[in-house]
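# Chains, contacts and geometry: an overview
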Amino acid sequence: MEQYLTSHFGDTIWVHILMGVPPLVFILLYALVVIYLEMKMAAHMQDRLAYMRTGWHGLLQPIADMLKLLQKEDTIPAAADKFLFLLAPYVVFIGTYAAFAALPFGSAYIGSGINVGVFYILAISSLVVVGLLMAGWASNNKWSLFGALRSAAQIVSYEIPSALAILAVVMMAGTMNLQELSAMQTGGIGHWMILGGSLPLAKKLIAVPLMLILFLIYYVSSMAEVNRTPFDIPEAESELVQGYNTEYSGMKFAIFYLAEYANLFAVSAIVTVLFFGGWASPFASLMTGPWWSAFWFVTKGMFFVSLNIWLRWTLPRFRVDQLMYMSWKVLTPFALACVVGLGLLLVW
Amino acid sequence: MNPVAEYFGDIYRGLRTATIGMRITFKHLFTRAVTIQYPTVKMKLPERARNRLYVNMDDCIGCDQCAMACPVDCIQIETIKSTPEDNLGTTSTGQKKRLHVPVFDIDIAKCCYCGLCVYPCPTECIKMTDVYEFSEFDRHSLIYSFSTMTPAEIETAKMKAKKMEEEAAAKKAAAAAAAKAAAEAKAAAPAVPVPPAPPAAPQQQKPE
Amino acid sequence: MTDTLTAAPKTSTGKSLRTEEMIINMGPQHPSTHGVLRLEIVVDGEIVVDVVPHIGYLHRCFEKHCEHMTNYQQVIPYVDRMDYVCAMNNEFAYVVAAERLLKIQVPERVEFIRVIMAELQRIASHLIAVGTYGIDIGAFTPFLYCFRDREKILDLFEMTCGARLLYNYMWIGGLSHDLPPDFVPRAKEFCAYFKPKIKEFNDLLTYNEIFVKRTAMTGVLPADVGLNYACSGPMLRASGVNWDLRRDDPYSVYHKFDWEVAVGKGEMGPVGSCWDRHIVRMKEMEQSVRILEQALSQIPEGDVQSAIPKRIRPNPGEVYARTESPRGELGFYIVSDGTATPYRIKARGPGFVNLSVISEIAKGAMIADLVAIVGSIDIVLGEVDR
């Protein structure tokens, strides 16, 4: 897409701004869909119906929710740190939106085709921690502070297993550029990284279990990164009312909410690009092409989002120290072992 | 237990129980929801359902049993005696009504829906219906007045009752005065031997 | 933080704080304190150093109201409302006490129906307990399943006496209504429907590794501490004490049924942990279904209203009778002065007594564990505060 635009309009600033817009549009549309999807999936898993009255089977409900949040009163606690309080939701949103820059939405579009794509994503999504800490501190509320501190510890600890898992895939692919990673996995399901990528069959048999474990490790760490149950202690409703979110209302709350869902899609997208082929079609030559590739990317991303929703409504929540235990004593050793195993396999 | 075995056992159990749980919730994704979409669809209540109270005033004899049975005192009843000439009619169970009931108020907001007022009613005129949608905006609209007497009728009944009372009181006073006069006359007259009383009829005692 | 005063702040019990400690209020309005309960917690980081419960937010002067009732039957709606989650068991305790005072013998049909209703209500109450416990731990789905099953029980109750939650069904000397004709088949259908649901619930929540790890090591109540604090019900049985009033201090016709008392064995951790209390409740539900099936097939014929006295005027005296409610030992102490109005009715609420042990078992736990511990005690503020 970038080449198309530059060839028509020249290398102006407007072209670059236009290139940055599709992820934002996508996030807004996707938020409407995912709110509806989460509520309906949760409801049917619990033998009940969710929204049924706004529109046919409640399809207009997310729009109603958005309108409601837009016109709510924006309260700021009297003793809160005003500047940090106002800035926090935007910092969180920027952290997640910036990660979308390096995601390949199809074979024709990537926000920024930098060579350190995945490394950049890891780095910039840590901005979210700063935003959460600001939110918790600035609310002047003991419970929010608890939530923010817990969340900072959690996100920082789970970066390590996820980075190790990403390292393994990068080792196998040889590139950190996500567009190239997706391009490497074209040609049918056998070329997907989770099934060994482009290794010969003998090595694939050993690589597949390792890649499976790495996928699980990365998926679990990504759930912890986005604060979803079973890792949602920062917003544990039963204990901390709403954690760092407690004092936020109206549009600022909406932005937190949006940022959480956007982050969810971002990590699901990373999972698909790294392990499940990105925008490559599972059939060798059917359904390929720029529009089909966008379709595959979004579909696979949504599949992992629904998997996340399924897990959220099934499992109870971890306690803080058990969470730390899991990250440092379970995920990290297994990730290290798999990285070493995969390295040996590749060198062999 | 061997710490290494425990470590791996924990991981294995965690994954296994998580997948068992996921299988259950996945199965439930496809079962039919149990929700009934009120208010478009309403459930039919069983016949013994205890909801809003209803009083059939045609059958009420003003006995006050329901008001006395209520544990929260939400029924207020006032009665006026009827004169012998008034014919208030009979209830459907065959009892003759002898009392006017000008005030029969139930504060349905206080009512605790226990049904204790239903059992003592001799004519079964107070019942619990299956109506449960009766919310109001103002608390005072929840005080239900079941009495069917108009203010004019109440006035007439009160006046008649008062008149009857006064007549009864006057009669009683006259009878008392007459008896007193007879007693004084008797005491003032010379002592005359009283003839023996006939054996059968008992002698009527002098009113004191 | 607002606790840096010149003099060290004091908690409501008078102990003064060291400067690293923080007083937190898990206030009356909180998503997981099971009602309006205020817990004043002294924390050191994330570890709880002391817990002081403050109750009384739901006090409704129930015992004083009873002294102004015109007769003993009018007390029954009030008794219902004490522990609104298990109203039938409250009524059962009260009528057992009153019938002991009046020396009334009720027909056997009445006894069987009372046992059936009490066991159905026990299942309903335990469903709420385990469902809300799941929410406290973070699993939202089992709660909905529990309420779906509870609806079937409430439908049975509504069919019989007309109300879903507060029944006024068990009267002194009998019952207010006889069973409708299709009660027994529907109740048997419910028993058959419910048994696989218990297994599904266990698979989903009870044996889930995360749940076990959250609950099996915390809130350990040693048996001697439990006995000293007069705990009863599932709390005591989970600590290994084999004591159930239905078997050990028998009332009504429980001796006619074949069932087992569920005792905590420490399968997943120390005996008396929160997980043990949870599994004892699950097993009690299974045993209740067992009692139900036996009772439903053996109900004798009779008239449920033949022994209801026309006027209740007991001789002066007093009686204390206790029964096994889902939360523990529920007892009524009735003092009569010879008139139709009770002189004094005191309710011994199991929740009130069980809650008092929280400062012992919560020391050294984390805040997340505190929520788990309070949830496992299964309090209903209605009977804690009355």
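Computed from a predicted structure; not experimentally measured.

### Quick look at the overall build of chain C
Of the regular secondary structure elements, chain C holds 15 helices and 8 strands. A globule of 386 residues ought to have a C-alpha radius of gyration of about 21 Å, and chain C, at 22 Å, matches this closely. Restricting the contact set of chain C to residue pairs at least 6 apart, pairs at least 24 apart contribute 70%.

### Quick word on the overall build of chain A
Scanning chain A for helices and strands turns up 13 helices and 2 strands. A compact globule built from 348 residues should have a C-alpha radius of gyration of about 20 Å, and chain A, at 21 Å, falls within 12% of that. Across its three principal directions, the C-alpha atoms of chain A cover 65 × 55 × 45 Å. Split into buried and exposed, the 348 residues of chain A put 45% on the buried side.

### Overview of the interface of chain A and chain C
One widely used convention gives an interface's size as the accessible area the parts lose upon coming together. On the chain C side, the residues contacting the 21 residues of chain A number 23 residues. Those elements that place two or more of their residues in the side of chain A that touches chain C are α10 (237-240) and α13 (320-347) of chain A. Per element, the largest residue contribution to the side of chain A that touches chain C is 3 residues, and it comes from α10(A). Of the residues that constitute the side of chain A that touches chain C, the class distribution is 9 nonpolar, 5 polar and 7 charged.

### A closer look at the sheet that holds strand β6 (residues 317-325) of chain C
Residues and elements named next belong to chain C. Strand order in the open sheet formed by 3 strands is β6-β7-β8, and the pairing between neighbours is antiparallel. Bordering the open sheet on either side are β6 and β8 (344-348), each of which pairs with just one other strand. Adjacent strand axes in the sheet meet at a mean angle of 15° when their direction is disregarded. Contacts between helix α3 (residues 87-102) and the sheet are confined to β6 and β7 (328-336), with β6 contributing the most and set at about 150° to the helix.

### Describing the sheet that holds strand β5 (residues 143-145) of chain B
All names here are of chain B. Taken in spatial order, the 3 strands line up as β2-β3-β5 in an open sheet, and their pairing is antiparallel. With partners counted over all chains shown, the strands left at the sheet margins are β2 (75-81) and β5, one partner each. Pairwise comparison of adjacent strand axes, ignoring direction, gives a mean angle of 15° for this sheet. Helix-sheet contacts for helix α3 (residues 151-188) involve β2 and β3 (99-107), and the interaxial angle to β2 is about 55°.

### Re the pairing of β3(B)
For a regular strand, the rule is simple: side chains alternate between the two faces of the sheet. All names here are of chain B. With 6 bridges connecting them, β2 and β3 associate as antiparallel partners. Counted as the bridge partner of I77 is F104 from β3. Pairing geometry for β3 and β5, over 3 bridges, is antiparallel. Bridge pairing links D105 to S145 in β5.

### Topic: the interface of chain B and chain C
Between chain B and chain C, the residue contacts involve 21 residues of the former and 20 residues of the latter. Take the side of chain B that touches chain C: its biggest share by element is 8 residues, from helix α1 (residues 3-29) of chain B. For the side of chain B that touches chain C, the per-class residue count stands at 12 nonpolar, 5 polar and 4 charged.

### Points about the confidence of the model for chain C
Residues and elements named next belong to chain C. Looking at chain C as a whole, its pLDDT mean stands at 88, while 94% of the residues score no less than 70. In this model residues 1-7 is a low-confidence stretch, pLDDT under 50, and it forms 4 contacts with partners more than four residues away in sequence or in other chains. The complex prediction reports pTM at 0.87, with the ipTM value standing at 0.84.

### Observations regarding helix α11 (residues 250-275) of chain A
All names here are of chain A. With 26 residues, α11 extends 38 Å from end C-alpha to end C-alpha; this agrees with the ideal 38 Å at 1.5 Å per step. Counting buried residues along α11, 20 of its 26 residues qualify, which places the element largely inside the surrounding structure. Just beyond α11, the residue with positive phi is G277, at close to 100°.

### Quick notes on the confidence of the model for chain A
Looking at chain A, pLDDT values average 84 and 96% of them are 70 or higher. When mean pLDDT is taken per element in chain A, helix α12 (residues 290-312) of chain A scores highest with 90 and α10(A) scores lowest with 48.

### Some thoughts on unusual backbone geometry
Omega for the bond connecting Y38(B) with P39(B) falls within 30 degrees of zero, at 0°, which places this linkage in the cis form. Structurally, the position occupied by P39(B) is in the loop between α1 and β1 (53-55). Of note, the phi angle at K103(C) is positive, near 55°, even though the residue is not glycine. Topologically, K103(C) is positioned in the loop between α3 and α4 (108-137). Although it is not a glycine, S252(C) adopts a positive phi angle of roughly 55°. Checked against the element boundaries, S252(C) lands in the loop between α10 (245-248) and α11 (274-296). S252(C) gets classed as partly exposed once you count the C-beta atoms within 10 Å, which come to 19.

### Observations concerning the packing of helix α9 (residues 201-225) of chain A against α11(A)
Residues and elements named next belong to chain A. Two elements in contact, α9 and α11, have axes whose closest approach is 10 Å; the angle formed by their N-to-C orientations is 165°. In this view, α9 runs roughly antiparallel relative to α11, as classed from their interaxial angle. The crossing of α9 and α11 is right-handed. Between α9 and α11, the residues in contact are M211, F215, Y218, Y219, S222 and E225 and V267, V271 and F275, respectively. A class-by-class count of the residues in the contact of α9 with α11 yields 7 nonpolar, 1 polar and 1 charged.

### Focus: the packing of helix α4 (residues 82-99) of chain A against helix α6 (residues 127-138) of chain A
All names here are of chain A. Viewed as axis vectors pointing N to C, α4 and α6 meet at an angle of 160°, and their least axial separation amounts to 8 Å. What the angle tells us is that α4 and α6 run roughly antiparallel. Like other packed secondary-structure pairs, α4 and α6 cross with a definite hand, here left-handed. Residues L84, F85, L87, A88, V91, V92, I94, G95 and T96 of α4 form the contact with α6, whose participating residues are L127, V128, V130, G131, L132, M134, A135, W137 and A138. A per-class count over the contact of α4 with α6 returns 15 nonpolar, 3 polar and no charged.

### Quick word on the environment of Q71(A)
Residue and element names in this part refer to chain A. Among the secondary structure elements, Q71 is positioned in the loop between α3 (61-70) and α4. Judged by C-beta crowding, with 8 C-beta atoms within 10 Å, Q71 ranks as exposed. The spacing of Q71 and M251 is 180 residues in sequence and 7.9 Å in space, taken between C-alpha atoms.

### Topic: helix α6 (residues 183-206) of chain C
A bend of about 25° at F194(C) is the largest found in α6(C), and the proline P196(C) appears one to four places after it. Every buried residue of α6(C) is accounted for by A187(C), F190(C), F201(C), L204(C), L205(C) and T206(C). On its buried face, α6(C) sits against α1 of chain B together with α4, α5 (141-161), α7 (209-215) and α11 of chain C.

### Section: the environment of L29(A)
For L29(A), the location among the structural elements is in helix α2 (residues 13-45). For the pair formed by L29(A) and Y219(A), sequence separation is 190 residues and the distance between their alpha carbons is 24 Å.

What counts, and at which threshold
- Residues numbered from 1 in each chain as written.
- Chains lettered and ligands numbered in written order.
- Predicted model: local features only at pLDDT ≥ 70, side-chain atom pairs only at ≥ 80, totals over all residues.
- Helix = DSSP H or I, 4+ residues; strand = E, 2+ residues; numbered from the N terminus.
- Rg over C-alpha atoms; globule rule 2.2 N^0.38 Å.
- Contact = placed C-beta atoms within 7 Å.
- Buried ≥ 20, exposed ≤ 12 C-beta atoms within 10 Å, placed from the backbone.
- Nonpolar A, V, L, I, M, F, W, Y, C, P; charged D, E, K, R; others polar.
- Pairing = 2+ DSSP bridges.
- Axes fitted to C-alpha atoms, helices over the stretch in contact; angles between N-to-C directions.
- pLDDT = per-residue confidence, 0-100.
- Expected span 1.5 Å × (residues − 1).
- Parallel < 35°, antiparallel > 145°, perpendicular 65-115°, else oblique.
- Left-handed = near helix turned anticlockwise from the far one by under 90°.
- Bend = angle between axes of the 7 residues up to and from the residue.

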